Amino acid sequence: MTIPANPLLYEINTRVWLGELAQERPRRGRQAKSGPLSLAQVPPAAVKRIAGLGFDLVWMMGVWQTGALGEQQAREFVAAHPEITGLADFTPDDVGGSPYAVQEYKAHSAFGGPTALAALREQLAKQRIGLLLDFVPNHTALDHPWVSRHPEFYVQGTEEDLENDKHSFFAVETAHGRRILAHGRDPYFPAWRDTAQLNYQHPGLRAAMIQTLLEIAEQCDGVRCDMAMLDLQDVFARTWGERAQPGEGKPAEGEFWAEAIDAVRGKYPRFLFLAEAYWGLEPRLQALGFDYTYDKTLYDHLVHHGGREIRDHLRADPEVQMRSARFLENHDEPRAARQFPLDKHRAAAVLTYTLPGMRLFHEGQLEGRTHHVPMQLRRRPAEPVNEELQKFYGSLLRELRDPALRQGHWKLLEPRPAWEGNPTWEQFVVHRWAHPEHGAHVVAVNYGPAQAQCHVPLQLHRIGGRKILLRDKLSDAVYERDGDSLIAPGLFLDMAPYQAHLFEVGRA
(Lines give C-alpha, C1' and ligand atoms only; values in the text may rest on other atoms or scores of the structure.)
Protein backbone atom coordinates (compact mmCIF):
# COMPACT_ATOMS: atom_id res chain seq x y z
CA MET A 1 0.00 0.00 0.00
CA THR A 2 1.25 3.49 -0.88
CA ILE A 3 1.14 5.87 2.08
CA PRO A 4 0.34 9.48 1.07
CA ALA A 5 2.41 12.47 2.09
CA ASN A 6 1.65 13.88 5.55
CA PRO A 7 -0.54 10.89 6.48
CA LEU A 8 -3.26 10.86 9.12
CA LEU A 9 -2.89 8.06 11.68
CA TYR A 10 -5.64 6.91 14.06
CA GLU A 11 -4.56 5.01 17.19
CA ILE A 12 -7.10 2.54 18.60
CA ASN A 13 -6.88 0.67 21.91
CA THR A 14 -7.79 -2.72 20.46
CA ARG A 15 -9.17 -4.51 23.51
CA VAL A 16 -11.26 -1.54 24.70
CA TRP A 17 -12.58 -0.79 21.20
CA LEU A 18 -13.58 -4.39 20.50
CA GLY A 19 -15.28 -4.62 23.88
CA GLU A 20 -17.34 -1.51 23.23
CA LEU A 21 -18.29 -2.65 19.75
CA ALA A 22 -19.56 -5.87 21.34
CA GLN A 23 -21.70 -3.85 23.74
CA GLU A 24 -23.28 -2.05 20.78
CA ARG A 25 -24.46 -5.26 19.15
CA PRO A 26 -27.76 -5.64 21.09
CA ARG A 27 -28.74 -2.10 20.13
CA ARG A 28 -28.52 -3.20 16.51
CA GLY A 29 -30.96 -6.01 17.20
CA ARG A 30 -28.38 -8.77 17.48
CA GLN A 31 -27.88 -11.25 20.27
CA ALA A 32 -25.63 -9.99 23.05
CA LYS A 33 -22.11 -11.42 23.10
CA SER A 34 -19.96 -11.76 26.19
CA GLY A 35 -16.42 -10.46 25.78
CA PRO A 36 -15.01 -8.44 22.89
CA LEU A 37 -15.74 -8.95 19.24
CA SER A 38 -13.08 -10.66 17.21
CA LEU A 39 -11.14 -8.53 14.75
CA ALA A 40 -13.04 -10.28 11.97
CA GLN A 41 -16.38 -9.14 13.45
CA VAL A 42 -15.65 -5.40 13.36
CA PRO A 43 -18.72 -3.92 11.65
CA PRO A 44 -18.05 -2.40 8.22
CA ALA A 45 -19.78 0.76 9.45
CA ALA A 46 -17.06 1.24 12.08
CA VAL A 47 -14.32 1.03 9.45
CA LYS A 48 -16.23 3.30 7.07
CA ARG A 49 -16.57 5.89 9.83
CA ILE A 50 -12.77 5.97 10.22
CA ALA A 51 -12.36 6.26 6.46
CA GLY A 52 -14.96 9.02 6.37
CA LEU A 53 -12.88 11.07 8.79
CA GLY A 54 -10.02 10.96 6.30
CA PHE A 55 -7.55 8.64 8.02
CA ASP A 56 -4.90 6.93 5.91
CA LEU A 57 -3.62 4.58 8.60
CA VAL A 58 -5.00 2.80 11.65
CA TRP A 59 -2.69 1.74 14.48
CA MET A 60 -4.32 -1.15 16.33
CA MET A 61 -2.53 -0.81 19.65
CA GLY A 62 -2.28 -3.99 21.71
CA VAL A 63 -3.15 -6.67 19.15
CA TRP A 64 -0.52 -9.25 20.14
CA GLN A 65 -0.79 -12.27 22.40
CA THR A 66 0.01 -11.61 26.06
CA GLY A 67 0.62 -14.24 28.74
CA ALA A 68 -0.60 -15.31 32.16
CA LEU A 69 2.43 -13.88 33.98
CA GLY A 70 1.83 -10.45 32.50
CA GLU A 71 -1.82 -10.56 33.50
CA GLN A 72 -0.84 -11.53 37.04
CA GLN A 73 1.59 -8.60 37.26
CA ALA A 74 -1.06 -6.25 35.88
CA ARG A 75 -3.63 -7.35 38.45
CA GLU A 76 -1.15 -6.79 41.27
CA PHE A 77 -0.40 -3.30 39.93
CA VAL A 78 -4.05 -2.32 39.54
CA ALA A 79 -4.94 -3.78 42.95
CA ALA A 80 -2.36 -1.42 44.46
CA HIS A 81 -3.76 1.55 42.50
CA PRO A 82 -7.52 0.89 42.05
CA GLU A 83 -8.27 4.60 41.63
CA ILE A 84 -6.63 4.63 38.18
CA THR A 85 -9.39 2.54 36.64
CA GLY A 86 -12.08 5.21 36.87
CA LEU A 87 -14.60 2.36 36.97
CA ALA A 88 -17.19 2.45 39.75
CA ASP A 89 -18.02 -1.21 39.09
CA PHE A 90 -14.43 -2.41 38.65
CA THR A 91 -13.67 -6.12 39.05
CA PRO A 92 -10.39 -8.06 38.59
CA ASP A 93 -11.77 -9.42 35.32
CA ASP A 94 -11.35 -5.92 33.87
CA VAL A 95 -7.57 -6.36 33.94
CA GLY A 96 -5.48 -7.92 31.18
CA GLY A 97 -1.73 -8.02 30.71
CA SER A 98 0.13 -5.01 29.38
CA PRO A 99 0.06 -4.94 25.56
CA TYR A 100 3.79 -4.17 25.73
CA ALA A 101 4.66 -7.44 27.47
CA VAL A 102 4.31 -9.50 24.28
CA GLN A 103 4.36 -13.27 24.57
CA GLU A 104 4.01 -13.94 20.85
CA TYR A 105 3.60 -11.83 17.71
CA LYS A 106 0.32 -13.43 16.76
CA ALA A 107 -3.03 -11.69 17.13
CA HIS A 108 -4.43 -12.40 20.60
CA SER A 109 -6.64 -15.45 20.82
CA ALA A 110 -9.31 -13.30 22.51
CA PHE A 111 -9.44 -11.19 19.35
CA GLY A 112 -9.76 -14.15 16.99
CA GLY A 113 -6.10 -14.84 16.23
CA PRO A 114 -4.19 -14.33 12.95
CA THR A 115 -7.11 -15.14 10.65
CA ALA A 116 -9.26 -12.46 12.24
CA LEU A 117 -6.42 -9.92 11.99
CA ALA A 118 -6.08 -10.69 8.29
CA ALA A 119 -9.82 -10.13 7.85
CA LEU A 120 -9.64 -6.71 9.50
CA ARG A 121 -6.64 -5.76 7.40
CA GLU A 122 -8.57 -6.67 4.26
CA GLN A 123 -11.54 -4.62 5.40
CA LEU A 124 -9.29 -1.61 6.04
CA ALA A 125 -7.59 -2.03 2.68
CA LYS A 126 -10.96 -1.84 0.91
CA GLN A 127 -11.28 1.63 2.40
CA ARG A 128 -7.68 2.46 1.37
CA ILE A 129 -6.52 2.45 4.98
CA GLY A 130 -3.18 0.91 5.95
CA LEU A 131 -2.69 -1.11 9.14
CA LEU A 132 0.04 -0.34 11.69
CA LEU A 133 0.85 -2.72 14.54
CA ASP A 134 3.23 -2.59 17.50
CA PHE A 135 6.79 -3.86 17.52
CA VAL A 136 8.33 -3.97 21.00
CA PRO A 137 12.07 -4.37 20.39
CA ASN A 138 13.49 -3.74 23.85
CA HIS A 139 11.87 -6.57 25.82
CA THR A 140 9.47 -9.49 25.83
CA ALA A 141 6.92 -10.92 28.23
CA LEU A 142 8.27 -13.00 31.11
CA ASP A 143 6.67 -16.07 29.57
CA HIS A 144 7.89 -15.54 26.00
CA PRO A 145 9.25 -18.88 24.69
CA TRP A 146 12.76 -17.43 24.36
CA VAL A 147 13.03 -16.99 28.14
CA SER A 148 13.14 -20.76 28.54
CA ARG A 149 14.66 -21.82 25.22
CA HIS A 150 17.12 -18.98 24.60
CA PRO A 151 17.96 -17.25 27.89
CA GLU A 152 21.20 -16.14 26.23
CA PHE A 153 19.10 -13.65 24.23
CA TYR A 154 18.52 -11.65 27.43
CA VAL A 155 20.64 -9.42 29.66
CA GLN A 156 22.08 -11.62 32.41
CA GLY A 157 22.28 -10.93 36.11
CA THR A 158 23.79 -12.69 39.10
CA GLU A 159 22.43 -14.11 42.34
CA GLU A 160 23.92 -11.06 44.03
CA ASP A 161 22.00 -8.77 41.65
CA LEU A 162 18.78 -10.58 42.53
CA GLU A 163 19.46 -10.29 46.23
CA ASN A 164 20.26 -6.57 46.02
CA ASP A 165 17.64 -5.48 43.45
CA LYS A 166 14.59 -7.72 43.25
CA HIS A 167 12.77 -5.02 41.29
CA SER A 168 15.22 -5.15 38.38
CA PHE A 169 16.10 -8.85 38.19
CA PHE A 170 14.26 -12.16 38.36
CA ALA A 171 15.10 -15.85 38.59
CA VAL A 172 13.75 -18.35 36.09
CA GLU A 173 14.19 -22.05 35.37
CA THR A 174 15.17 -22.47 31.72
CA ALA A 175 16.05 -25.35 29.41
CA HIS A 176 19.66 -24.53 30.38
CA GLY A 177 19.14 -24.40 34.14
CA ARG A 178 18.45 -21.57 36.57
CA ARG A 179 19.19 -18.09 35.23
CA ILE A 180 19.00 -14.59 36.63
CA LEU A 181 17.71 -12.20 33.97
CA ALA A 182 17.09 -8.46 33.90
CA HIS A 183 13.68 -6.89 33.57
CA GLY A 184 13.26 -4.46 30.67
CA ARG A 185 13.91 -0.84 31.47
CA ASP A 186 14.37 2.74 30.40
CA PRO A 187 17.55 3.99 32.15
CA TYR A 188 15.69 6.92 33.69
CA PHE A 189 12.86 4.92 35.27
CA PRO A 190 12.34 1.78 37.36
CA ALA A 191 12.29 -1.53 35.52
CA TRP A 192 9.11 -2.89 33.94
CA ARG A 193 8.57 -5.98 36.10
CA ASP A 194 6.33 -7.77 33.60
CA THR A 195 9.09 -7.86 30.98
CA ALA A 196 12.49 -9.44 30.28
CA GLN A 197 15.29 -7.31 28.78
CA LEU A 198 16.63 -8.40 25.39
CA ASN A 199 20.37 -8.14 24.74
CA TYR A 200 21.21 -6.27 21.52
CA GLN A 201 24.88 -7.13 21.85
CA HIS A 202 24.01 -10.77 21.13
CA PRO A 203 24.19 -11.57 17.38
CA GLY A 204 21.72 -14.43 17.71
CA LEU A 205 19.14 -12.17 19.32
CA ARG A 206 19.49 -9.62 16.54
CA ALA A 207 18.93 -12.27 13.88
CA ALA A 208 15.89 -13.58 15.75
CA MET A 209 14.40 -10.09 16.07
CA ILE A 210 14.88 -9.39 12.37
CA GLN A 211 13.08 -12.64 11.60
CA THR A 212 10.30 -11.56 13.97
CA LEU A 213 10.00 -8.25 12.13
CA LEU A 214 9.74 -10.04 8.80
CA GLU A 215 6.92 -12.18 10.21
CA ILE A 216 5.13 -9.06 11.48
CA ALA A 217 5.55 -7.41 8.07
CA GLU A 218 3.49 -10.22 6.53
CA GLN A 219 0.56 -9.14 8.72
CA CYS A 220 0.41 -5.35 8.34
CA ASP A 221 1.60 -2.28 6.42
CA GLY A 222 3.88 -0.81 9.06
CA VAL A 223 5.00 -0.86 12.68
CA ARG A 224 5.12 1.59 15.52
CA CYS A 225 8.37 0.70 17.30
CA ASP A 226 8.13 1.06 21.05
CA MET A 227 10.94 3.06 22.72
CA ALA A 228 13.08 2.66 19.60
CA MET A 229 15.99 4.73 20.88
CA LEU A 230 16.75 2.23 23.67
CA ASP A 231 18.31 -0.14 21.14
CA LEU A 232 20.78 2.30 19.62
CA GLN A 233 24.29 0.97 20.20
CA ASP A 234 25.54 3.74 22.49
CA VAL A 235 22.27 4.03 24.44
CA PHE A 236 22.17 0.29 25.03
CA ALA A 237 25.83 0.21 26.08
CA ARG A 238 25.34 3.06 28.58
CA THR A 239 22.26 1.40 30.04
CA TRP A 240 23.69 -2.10 30.49
CA GLY A 241 27.47 -1.84 30.35
CA GLU A 242 29.37 -5.08 30.91
CA ARG A 243 26.16 -7.00 31.63
CA ALA A 244 25.35 -6.89 27.92
CA GLN A 245 28.46 -8.77 26.82
CA PRO A 246 27.39 -12.07 25.23
CA GLY A 247 28.62 -15.14 27.08
CA GLU A 248 30.41 -16.51 24.03
CA GLY A 249 31.68 -14.99 20.81
CA LYS A 250 31.99 -11.38 19.74
CA PRO A 251 29.31 -8.77 20.43
CA ALA A 252 27.17 -7.60 17.52
CA GLU A 253 28.46 -4.63 15.56
CA GLY A 254 26.68 -1.79 13.80
CA GLU A 255 23.21 -0.45 14.42
CA PHE A 256 20.39 -2.96 14.73
CA TRP A 257 17.85 -0.61 13.17
CA ALA A 258 19.81 -0.11 9.94
CA GLU A 259 20.17 -3.87 9.51
CA ALA A 260 16.57 -4.63 10.43
CA ILE A 261 14.95 -1.93 8.29
CA ASP A 262 17.07 -2.89 5.29
CA ALA A 263 16.05 -6.55 5.71
CA VAL A 264 12.33 -5.73 5.84
CA ARG A 265 12.47 -3.21 3.00
CA GLY A 266 14.28 -5.77 0.88
CA LYS A 267 11.10 -7.85 0.94
CA TYR A 268 8.44 -5.19 1.58
CA PRO A 269 9.73 -1.95 -0.01
CA ARG A 270 6.79 0.21 1.11
CA PHE A 271 6.65 -1.02 4.69
CA LEU A 272 6.39 1.93 7.11
CA PHE A 273 8.49 2.41 10.26
CA LEU A 274 7.35 4.82 12.99
CA ALA A 275 9.62 5.26 16.02
CA GLU A 276 8.57 6.22 19.50
CA ALA A 277 11.67 8.25 20.30
CA TYR A 278 12.86 10.88 22.77
CA TRP A 279 16.04 12.60 24.04
CA GLY A 280 16.84 14.40 20.79
CA LEU A 281 17.69 11.12 19.04
CA GLU A 282 14.99 11.46 16.40
CA PRO A 283 17.31 12.61 13.57
CA ARG A 284 19.60 9.62 14.17
CA LEU A 285 16.71 7.20 13.91
CA GLN A 286 15.47 8.86 10.74
CA ALA A 287 18.97 8.53 9.28
CA LEU A 288 18.86 4.80 10.06
CA GLY A 289 15.71 4.41 7.97
CA PHE A 290 12.66 5.34 10.05
CA ASP A 291 9.97 7.07 8.02
CA TYR A 292 8.68 9.01 11.01
CA THR A 293 9.69 9.67 14.61
CA TYR A 294 7.65 11.01 17.51
CA ASP A 295 7.81 14.79 18.02
CA LYS A 296 7.52 14.82 21.79
CA THR A 297 9.42 18.12 21.93
CA LEU A 298 6.60 19.92 20.12
CA TYR A 299 4.06 18.36 22.46
CA ASP A 300 6.03 19.50 25.53
CA HIS A 301 6.26 23.05 24.16
CA LEU A 302 2.50 23.07 23.54
CA VAL A 303 1.88 22.03 27.14
CA HIS A 304 4.47 24.16 28.91
CA HIS A 305 5.62 26.99 26.64
CA GLY A 306 4.47 29.43 23.97
CA GLY A 307 4.98 30.70 20.46
CA ARG A 308 8.67 31.58 20.68
CA GLU A 309 9.75 28.11 21.80
CA ILE A 310 7.54 26.45 19.21
CA ARG A 311 8.99 28.57 16.40
CA ASP A 312 12.51 27.77 17.54
CA HIS A 313 11.70 24.07 17.42
CA LEU A 314 10.13 24.32 13.95
CA ARG A 315 13.28 25.93 12.53
CA ALA A 316 14.99 22.51 12.65
CA ASP A 317 16.14 20.68 9.51
CA PRO A 318 13.18 20.65 7.07
CA GLU A 319 13.77 16.96 6.35
CA VAL A 320 13.40 16.19 10.06
CA GLN A 321 10.19 18.24 10.14
CA MET A 322 8.71 16.30 7.23
CA ARG A 323 9.39 13.02 9.04
CA SER A 324 8.06 13.96 12.46
CA ALA A 325 4.89 12.45 13.94
CA ARG A 326 2.83 15.18 15.62
CA PHE A 327 0.25 14.48 18.32
CA LEU A 328 -1.76 16.01 21.15
CA GLU A 329 -2.31 12.69 22.89
CA ASN A 330 -1.65 8.98 22.63
CA HIS A 331 -1.96 6.06 25.04
CA ASP A 332 1.07 7.30 27.04
CA GLU A 333 0.01 10.94 27.40
CA PRO A 334 -2.91 12.55 29.25
CA ARG A 335 -6.10 13.10 27.31
CA ALA A 336 -5.89 16.41 25.44
CA ALA A 337 -9.33 17.47 26.67
CA ARG A 338 -8.01 17.20 30.23
CA GLN A 339 -4.54 18.57 29.54
CA PHE A 340 -5.62 21.72 27.66
CA PRO A 341 -8.37 24.26 28.33
CA LEU A 342 -10.80 24.39 25.40
CA ASP A 343 -9.39 27.47 23.66
CA LYS A 344 -5.79 26.30 24.06
CA HIS A 345 -6.81 22.80 22.92
CA ARG A 346 -8.22 24.14 19.66
CA ALA A 347 -5.18 26.35 19.04
CA ALA A 348 -2.80 23.47 19.76
CA ALA A 349 -4.74 21.18 17.42
CA VAL A 350 -4.76 23.65 14.51
CA LEU A 351 -1.05 24.26 14.95
CA THR A 352 -0.08 20.59 15.41
CA TYR A 353 -2.10 19.01 12.65
CA THR A 354 -1.34 21.57 9.95
CA LEU A 355 2.42 21.00 10.31
CA PRO A 356 4.24 18.67 7.93
CA GLY A 357 4.78 15.03 8.83
CA MET A 358 2.54 12.34 10.24
CA ARG A 359 -0.60 13.54 12.05
CA LEU A 360 -1.46 11.19 14.92
CA PHE A 361 -4.91 11.19 16.52
CA HIS A 362 -5.99 8.97 19.41
CA GLU A 363 -9.38 7.23 19.51
CA GLY A 364 -11.61 9.22 21.88
CA GLN A 365 -9.71 12.48 21.26
CA LEU A 366 -12.21 13.63 18.66
CA GLU A 367 -15.08 13.17 21.12
CA GLY A 368 -13.30 14.97 23.95
CA ARG A 369 -12.73 12.01 26.28
CA THR A 370 -10.90 13.02 29.46
CA HIS A 371 -10.17 9.70 31.20
CA HIS A 372 -6.74 8.24 30.50
CA VAL A 373 -7.16 4.48 30.23
CA PRO A 374 -4.36 2.38 31.79
CA MET A 375 -3.01 -0.07 29.23
CA GLN A 376 -3.82 -3.00 31.51
CA LEU A 377 -7.59 -2.43 31.42
CA ARG A 378 -10.08 -4.13 29.14
CA ARG A 379 -12.70 -1.38 29.39
CA ARG A 380 -13.08 2.28 30.31
CA PRO A 381 -15.69 4.52 31.95
CA ALA A 382 -18.53 5.85 29.82
CA GLU A 383 -18.18 9.56 29.01
CA PRO A 384 -20.50 12.00 27.27
CA VAL A 385 -19.39 13.39 23.92
CA ASN A 386 -18.02 16.92 24.04
CA GLU A 387 -20.09 18.20 21.14
CA GLU A 388 -18.13 21.44 20.77
CA LEU A 389 -14.82 19.59 20.42
CA GLN A 390 -16.35 16.97 18.15
CA LYS A 391 -17.65 19.70 15.83
CA PHE A 392 -14.27 21.44 15.85
CA TYR A 393 -12.36 18.27 15.00
CA GLY A 394 -14.85 17.45 12.27
CA SER A 395 -14.12 20.80 10.65
CA LEU A 396 -10.36 20.45 11.06
CA LEU A 397 -10.28 16.95 9.59
CA ARG A 398 -12.29 18.11 6.58
CA GLU A 399 -9.74 20.84 5.91
CA LEU A 400 -6.83 18.43 6.29
CA ARG A 401 -8.05 16.66 3.16
CA ASP A 402 -7.17 19.71 1.08
CA PRO A 403 -4.37 18.77 -1.36
CA ALA A 404 -2.49 21.96 -0.52
CA LEU A 405 -2.22 20.83 3.11
CA ARG A 406 -1.30 17.28 2.14
CA GLN A 407 0.96 17.69 -0.88
CA GLY A 408 2.05 21.33 -0.87
CA HIS A 409 5.31 22.99 0.10
CA TRP A 410 5.47 24.03 3.77
CA LYS A 411 7.33 27.03 5.17
CA LEU A 412 7.55 28.59 8.62
CA LEU A 413 6.91 32.35 8.44
CA GLU A 414 8.49 34.91 10.74
CA PRO A 415 6.23 37.35 12.62
CA ARG A 416 7.45 40.86 13.37
CA PRO A 417 6.42 43.46 15.96
CA ALA A 418 3.27 45.32 14.96
CA TRP A 419 4.80 48.46 16.45
CA GLU A 420 7.86 49.33 18.47
CA GLY A 421 7.64 48.30 22.09
CA ASN A 422 4.90 45.68 21.55
CA PRO A 423 6.36 42.26 22.56
CA THR A 424 3.20 40.25 21.91
CA TRP A 425 4.42 39.26 18.42
CA GLU A 426 6.48 36.57 20.19
CA GLN A 427 3.28 34.62 20.89
CA PHE A 428 2.57 33.92 17.20
CA VAL A 429 3.27 30.81 15.18
CA VAL A 430 2.50 31.32 11.48
CA HIS A 431 3.22 29.00 8.58
CA ARG A 432 2.01 28.49 5.06
CA TRP A 433 1.39 25.77 2.52
CA ALA A 434 1.64 26.43 -1.22
CA HIS A 435 0.74 24.12 -4.09
CA PRO A 436 1.06 25.05 -7.79
CA GLU A 437 -2.37 23.62 -8.63
CA HIS A 438 -4.28 23.85 -5.36
CA GLY A 439 -3.34 27.30 -4.12
CA ALA A 440 -2.09 28.41 -0.74
CA HIS A 441 -3.12 28.32 2.91
CA VAL A 442 -1.80 30.37 5.81
CA VAL A 443 -2.10 29.10 9.39
CA ALA A 444 -1.89 31.76 12.09
CA VAL A 445 -2.02 30.93 15.81
CA ASN A 446 -1.68 33.23 18.79
CA TYR A 447 -0.25 30.63 21.14
CA GLY A 448 -0.20 32.80 24.20
CA PRO A 449 -2.38 34.00 27.08
CA ALA A 450 -2.80 37.65 25.97
CA GLN A 451 -4.30 39.57 23.06
CA ALA A 452 -1.46 39.89 20.56
CA GLN A 453 -0.53 41.77 17.39
CA CYS A 454 2.09 41.28 14.70
CA HIS A 455 2.93 41.71 11.03
CA VAL A 456 3.95 38.61 9.10
CA PRO A 457 5.21 38.90 5.50
CA LEU A 458 3.51 36.28 3.32
CA GLN A 459 6.04 34.65 1.06
CA LEU A 460 3.63 33.77 -1.75
CA HIS A 461 3.91 34.13 -5.50
CA ARG A 462 1.63 36.30 -7.62
CA ILE A 463 -0.06 38.29 -4.85
CA GLY A 464 1.60 41.65 -5.57
CA GLY A 465 -0.61 44.26 -7.25
CA ARG A 466 -3.80 42.27 -6.57
CA LYS A 467 -6.65 42.27 -4.11
CA ILE A 468 -6.44 39.10 -2.01
CA LEU A 469 -9.17 37.31 -0.06
CA LEU A 470 -8.34 35.44 3.11
CA ARG A 471 -11.10 32.95 3.97
CA ASP A 472 -10.89 31.41 7.42
CA LYS A 473 -11.84 27.77 6.85
CA LEU A 474 -12.61 27.28 10.55
CA SER A 475 -15.16 30.10 10.68
CA ASP A 476 -17.22 32.27 8.33
CA ALA A 477 -14.73 35.16 8.40
CA VAL A 478 -13.49 36.61 5.09
CA TYR A 479 -10.91 39.42 4.84
CA GLU A 480 -9.93 41.43 1.76
CA ARG A 481 -6.37 42.72 1.73
CA ASP A 482 -4.04 44.49 -0.70
CA GLY A 483 -1.48 42.00 -2.00
CA ASP A 484 1.41 44.46 -1.82
CA SER A 485 0.75 45.07 1.87
CA LEU A 486 0.78 41.31 2.52
CA ILE A 487 4.34 41.24 1.20
CA ALA A 488 5.49 44.30 3.18
CA PRO A 489 4.99 45.09 5.98
CA GLY A 490 3.03 41.83 5.92
CA LEU A 491 -0.33 40.50 7.07
CA PHE A 492 -1.46 42.37 10.17
CA LEU A 493 -2.83 40.05 12.85
CA ASP A 494 -4.66 41.12 16.00
CA MET A 495 -5.81 37.97 17.74
CA ALA A 496 -7.33 36.91 21.03
CA PRO A 497 -5.47 34.53 23.37
CA TYR A 498 -5.16 31.07 21.80
CA GLN A 499 -7.07 32.10 18.71
CA ALA A 500 -6.31 30.28 15.44
CA HIS A 501 -7.00 30.96 11.77
CA LEU A 502 -6.68 28.60 8.81
CA PHE A 503 -6.78 30.97 5.84
CA GLU A 504 -7.36 29.90 2.25
CA VAL A 505 -5.63 32.51 0.07
CA GLY A 506 -7.44 33.57 -3.10
CA ARG A 507 -8.01 36.51 -5.39
CA ALA A 508 -10.81 38.98 -4.78
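Residues numbered from 1 in each chain as written. Predicted model: local features only at pLDDT ≥ 70, side-chain atom pairs only at ≥ 80, totals over all residues. Heavy atoms only, no water.

## So, the overall build of the chain
Here is step 1: Looking only at helices and strands, the chain has 18 helices and 23 strands in total.
Here is step 2: Here the C-alpha radius of gyration of the chain, 25 Å, is about what a compact globule of 508 residues would show, namely 23 Å.
Here is step 3: Expressed as lengths along the three principal axes of its C-alpha atoms, the size of the chain is roughly 80 × 60 × 45 Å.
Here is step 4: Considering the chain as a whole, with its 508 residues, one finds that 56% of them fall into the buried category.
Here is step 5: If the 57 positive side-chain charges of the chain are averaged to one point and the 66 negative ones to another, these points end up 6 Å apart. (Helix = DSSP H or I, 4+ residues; strand = E, 2+ residues; numbered from the N terminus. Rg over C-alpha atoms; globule rule 2.2 N^0.38 Å. Buried < 20%, exposed > 50% of the residue type's maximum accessible area, 1.4 Å probe, protein only. Lys, Arg positive; Asp, Glu negative; His and termini not counted. Charge placed at Lys NZ, Arg CZ, Asp CG, Glu CD.)

## A look at the pattern of salt bridges
Here is step 1: By the definition in use, this model includes 33 salt bridges.
Here is step 2: Between aspartate 226 and arginine 224 there is a salt bridge, and its shortest N-O distance comes to 2.9 Å.
Here is step 3: Between arginine 326 and aspartate 295 there is a salt bridge; the shortest N-O distance is 2.5 Å. One end of the pair, arginine 326, is in strand 13 (residues 324-327); the other, aspartate 295, is in the loop between strand 12 (292-294) and helix 11 (296-304), with 31 residues separating them in the sequence. One exposure class covers both arginine 326 and aspartate 295, and it is buried. (Salt bridge = Lys/Arg side-chain N within 4 Å of Asp/Glu carboxyl O.)

## Points about the side chain of glutamate 282
Here is step 1: The residue glutamate 282 is located in helix 10 (residues 282-287) in this model.
Here is step 2: In this structure glutamate 282 is buried but unpaired, with lysine 296 as the nearest side chain of opposite charge at 9.3 Å.
Here is step 3: Separated by 3.4 Å, the side chain of glutamate 282 and the backbone nitrogen of glycine 280 make a polar contact.
Here is step 4: Apart from the residues within four sequence positions on either side, glutamate 282 is in contact with Ala277, Thr293 and Tyr294. (Polar contact = N/O pair within 3.5 Å; in protein donor to acceptor, adjacent residues only side chain to side chain. Contact = heavy atoms within 4.5 Å.)

## Thoughts on the packing of helix 11 against helix 15 (residues 342-353)
Here is step 1: Their axes nearest at 11 Å, the elements helix 11 and helix 15 cross at an angle of 155 degrees. As judged from the angle between their axes, helix 11 and helix 15 are roughly antiparallel. The element helix 11 and its partner helix 15 pack so that their crossing is right-handed. Residues Leu298, Leu302 and Val303 of helix 11 touch helix 15, and the partners they reach there are Lys344, Ala348, Leu351 and Thr352.
Here is step 2: Of the residues that constitute the contact of helix 11 with helix 15, the class distribution is five nonpolar, one polar and one charged. (Axes fitted to C-alpha atoms, helices over the stretch in contact; angles between N-to-C directions. Parallel < 35°, antiparallel > 145°, perpendicular 65-115°, else oblique. Left-handed = near helix turned anticlockwise from the far one by under 90°. Nonpolar A, V, L, I, M, F, W, Y, C, P; charged D, E, K, R; others polar.)

## A closer look at the nonpolar core
General note: in soluble globular proteins, nonpolar side chains tend to be found buried as a group.
Here is step 1: Ranked by size, the top nonpolar core spans 132 residues in total, and within it Met60, Trp257, Phe361, Tyr393 and Tyr447 carry the most contacts.
Here is step 2: Here this core gets eight residues from one element, more than from any other, and that element is helix 7 (residues 203-217).
Here is step 3: Core analysis: the second largest hydrophobic core is formed by 20 residues, Val430, Leu460, Leu491 and Val505 among them. (Core = buried A, V, L, I, M, F, W, Y, C linked by side-chain atoms within 4.5 Å.)

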